[in-house]
Amino acid sequence: MSHRKTLDVLKGETVFPPPIWMMRQAGRYLPEYKATRKEAGSFLNLCYNPDLAVEVTLQPIRRFGFDASILFSDILVVPHALGRDLRFEEGRGPLLTPIDASGIAKLDDGGFHDHLAAVYETVKRLRKELPDETTLLGFCGAPWTVATYMIAGHGTPDQAPARLFALREPEAFAALIDMLADVSADYLVRQIDAGADAVQIFDSWAGVLDELSFDRWCVKPVARMVERVRAVHPETPIIGFPKGAGAHYAGYRRLTGVTALGLDWTVPLGTARRLQAEGAVQGNLDPLRLIAGGDALDEGVDAIVEALRHGPFVFNLGHGITPDTPIEHVEAMLKRVRETV
């Protein structure tokens, strides 16, 4: 097997120039993605059709030669697999029927893996079709982030519905979080079984919680997941991405057991260097610099690479690429990272 640079870095090696991939790299900024999405008919059809999911996952690898490829899917296939309805509307994003305490008590994971069989098939095919040197990443949403959508039924500016539910009905919310932690860990195990080299846990709404709630609903569930995954796959790197965690980043790796830390764009580079002393870090270019291009992009790339080049580091954005990002700016970013000396 040729070297998979991203995998090497996640395991603690320093590689320079750093390997690079982008969150949401398969997506709406690419014309070929839009064409495949149209062919699928709906976003969920795209997630559950291995032929098309493999195709959109491979598109950015063909075009840009990223060092890692991340499975094309969505974090909300997990509640969908638990029997909750899910639909995506243009301009509104994901919509679910809000769940309450009685709905939580009725959640059933009996057909969970059957529902997600197409995802596992996609991972299996991807490992065969990707270049051997490309690291294949699986992923899931963290329990807290997935729960926020299940409680509110959609995204909100600060996920207040889930925060309030957790404060008012902590036992029911704990039951939801525990179930999500267990099925999500099993979901990651199956992705690794199918060929994923490493996995990422996206906690996109970690930044809205106070200290007590962050520990209870972000740290402890992810630690539970890591323990469950490691019981089956002890050597597989796990990336934790608690977006917006701020000062909580400092203890996150130690408390959860994740291998690597995904950093959002607000994390100062001095902090990133300190976190890097404990193991691999990933990030953390502001996606708006990628839209702006030019000097704004160059200075952002240069600062990150200079700060983090001497330790285990995967270059990435600090959140997902947005649909209005010019493709030539992605090319310019790749060139600048790869030609850094």
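Nothing here was measured: the structure is a model prediction, and the numbers come from that model.

Trainee: What should I look at first to understand the overall build of the protein chain in this one?
Mentor: Secondary structure summary: the protein chain contains 17 helices and nine strands in total. The C-alpha atoms of the protein chain give 19 Å as radius of gyration, which agrees with the globular expectation for 341 residues (20 Å, within 12%). Viewed in the frame of its principal axes, the protein chain has a C-alpha envelope of about 60 × 45 × 40 Å. Considering only contacts within the protein chain whose residues lie at least 6 apart along the sequence, 74% involve residues at least 24 apart. Summing over all exposed atoms, the protein chain offers an accessible surface of approximately 13800 Å²; the carbon and sulfur share of this is 51%. Here the protein chain holds 36 positive side-chain charges and 45 negative ones, and the gap between their average locations is 0 Å.

Trainee: I would appreciate a short explanation of the pattern of salt bridges in the present structure.
Mentor: Evaluation of the coordinates by the stated rule reveals 25 salt bridges. The closest approach of N and O atoms between Arg-338 and Asp-67, which form a salt bridge, is 3.9 Å. Of this pair, Arg-338 sits in helix α17 (residues 327-338) while Asp-67 sits in the loop between α4 (50-64) and β1 (68-70), placing them 271 residues apart in sequence. When the shortest N-O distance is used, the salt bridge between Glu-278 and Arg-253 registers 3.6 Å. Pair noted here: Glu-278 is in the loop between α14 (269-276) and β8 (281-285) and Arg-253 is in helix α13 (residues 249-256), with a separation of 25 residues, a long-range link. Residue Glu-278 is classed as partly exposed on the basis of its relative accessible area, which comes to 46%. A relative accessible area of 7% means that Arg-253 is categorised as buried. Overlapping salt bridges bring together Asp-178, Asp-182, Asp-186, Arg-224 and Arg-228 as one network.

Trainee: Looking at this model, I keep getting lost on the packing of helix α9 (residues 143-152) against helix α11 (residues 170-194). Mind explaining?
Mentor: Relative orientation and spacing of two packed helices are given, respectively, by the angle between their axes and the distance between those axes. Between α9 and α11, the shortest axis-to-axis distance is 9 Å and the interhelical angle comes to 125°. The angle between α9 and α11 places the two elements in the oblique class. Our pair here, α9 against α11, has a crossing hand that is right-handed. Counting all contacts with α9, which are made through Pro-143, Trp-144, Val-146, Ala-147, Met-150 and Ile-151, the residues of α11 involved are Phe-173, Leu-176, Ile-177, Leu-180 and Ala-181. Tallied by class, the residues present in the contact of α9 with α11 amount to eleven nonpolar, no polar and no charged.

Trainee: Just to check I follow, could you spell out the nonpolar core for this structure?
Mentor: Most often, soluble globular proteins have nonpolar side chains that are buried together. The biggest cluster of nonpolar side chains holds 124 residues, and the ones touching the most others in it are Phe-173, Phe-315 and Met-333. Residue contacts for Phe-173: discarding those within four places in its chain leaves Trp-144, Ala-147, Ile-151, Ala-162, Phe-165, Ala-166 and Trp-217.

Trainee: Honestly, the pairing of strand β9 (residues 313-317) in this entry has me stumped. Any pointers?
Mentor: The side chains of a regular strand alternate between the sheet's two faces. Burial of β9 is extensive: five of the five residues sit out of reach of the surface. Of the two faces of β9, both are covered, the one formed by Phe-313, Phe-315 and Leu-317 as well as the one formed by Val-314 and Asn-316. Sheet topology note: the β8/β9 ladder contains five bridges and is parallel. Paired with Leu-285 across the strands is Leu-317, a residue of β9.

Trainee: Where do I start with the packing of aromatic side chains in this structure?
Mentor: Each aromatic ring pair is characterised by the separation of its centres together with the angle its planes make. Within the structure shown, the criterion is met by 14 aromatic pairs. Between the aromatic rings of Tyr-33 and Phe-72, the centroid separation amounts to 5.8 Å while the plane-to-plane angle is 55°, which identifies the pairing as tilted. Of the two residues, Tyr-33 is situated in helix α2 (residues 31-40) and Phe-72 in the loop between β1 and α5 (77-81); the sequence distance between them amounts to 39 residues. Relative to Phe-173, the ring of Trp-144 lies with its centre 5.8 Å away and its plane at 70°, an arrangement referred to as edge-to-face. Taken together, the residues span a long stretch of sequence, with Trp-144 in helix α9 and Phe-173 in helix α11 at a distance of 29 residues. The burial state of Trp-144 is the same as that of Phe-173; both residues are buried. Counting every residue linked through ring pairs, the aromatic cluster contains Tyr-33, Phe-43, Phe-72 and Phe-88.

Parameters at a glance
- Residues numbered from 1 in each chain as written.
- Predicted model: local features only at pLDDT ≥ 70, side-chain atom pairs only at ≥ 80, totals over all residues.
- Heavy atoms only, no water.
- Helix = DSSP H or I, 4+ residues; strand = E, 2+ residues; numbered from the N terminus.
- Rg over C-alpha atoms; globule rule 2.2 N^0.38 Å.
- Contact = heavy atoms within 4.5 Å.
- Areas by Shrake-Rupley, 256 points an atom, 1.4 Å probe, with all protein chains shown as cover.
- Lys, Arg positive; Asp, Glu negative; His and termini not counted.
- Charge placed at Lys NZ, Arg CZ, Asp CG, Glu CD.
- Salt bridge = Lys/Arg side-chain N within 4 Å of Asp/Glu carboxyl O.
- Buried < 20%, exposed > 50% of the residue type's maximum accessible area, 1.4 Å probe, protein only.
- Axes fitted to C-alpha atoms, helices over the stretch in contact; angles between N-to-C directions.
- Parallel < 35°, antiparallel > 145°, perpendicular 65-115°, else oblique.
- Left-handed = near helix turned anticlockwise from the far one by under 90°.
- Nonpolar A, V, L, I, M, F, W, Y, C, P; charged D, E, K, R; others polar.
- Core = buried A, V, L, I, M, F, W, Y, C linked by side-chain atoms within 4.5 Å.
- Pairing = 2+ DSSP bridges.
- Phe/Tyr/Trp six-rings, centres within 6.5 Å; stacked < 30°, edge-to-face > 60°.

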